[in-house]
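The lines below spell out each chain.
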Amino acid sequence: MFVFTRPFAINEDELESQLQENQFTPRGKTEMSHFVWSNALGKHGQCLLHHANGCIF
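Residues numbered from 1 in each chain as written. Predicted model: local features only at pLDDT ≥ 70, side-chain atom pairs only at ≥ 80, totals over all residues. Heavy atoms only, no water.

A. Quick look at the overall build of the protein chain. Across its full length, the protein chain carries one helix and two strands. Starting at the N terminus and ending at the C terminus, the protein chain contains elements arranged as α-β-β. On C-alpha atoms alone, the protein chain measures out to a radius of gyration of 13 Å, which is more than a quarter above the 10 Å that the 2.2 N^0.38 rule sets for 57 residues. Projected onto its principal axes, the C-alpha coordinates of the protein chain cover approximately 40 × 25 × 20 Å. Residues counted as buried form 11% of the 57 residues belonging to the protein chain. Put simply, of all contacts in the protein chain between residues at least 6 apart along the chain, 27% involve residues at least 24 apart. Approximately 5,400 Å² of the protein chain is accessible, and the part contributed by carbon and sulfur atoms is 55%. (Helix = DSSP H or I, 4+ residues; strand = E, 2+ residues; numbered from the N terminus. Rg over C-alpha atoms; globule rule 2.2 N^0.38 Å. Buried < 20%, exposed > 50% of the residue type's maximum accessible area, 1.4 Å probe, protein only. Contact = heavy atoms within 4.5 Å. Areas by Shrake-Rupley, 256 points an atom, 1.4 Å probe, with all protein chains shown as cover.)

B. A look at the environment of phenylalanine 35. With respect to the element layout, phenylalanine 35 can be found in the loop between helix H1 (12–20) and strand E1 (51–52). The class of phenylalanine 35 is exposed, set by a relative accessible area of 57%. Placed 11 residues apart in sequence, phenylalanine 35 and phenylalanine 24 show a C-alpha to C-alpha distance of 8.4 Å.

Spelled out as C-alpha cells, the structure:
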C-alpha cells in the first residue's frame, strides 16, 4: 500500500493512464522479476484503479 505525505494532485483518469504504462505482462525468460500493475479487482476488473469510501485502490 502507498500512502502519500503530500496532497495528491492527479485525477483518477490521469493516474489510470499512467499506470497503464506498466500494466501486467508475463515476465520474460531472462527476467528474475519485474514490477507491474494488475487490475484492482483481479480477473473480475478491467481497471487498474478502484475507488471506494474516499480511497483509491
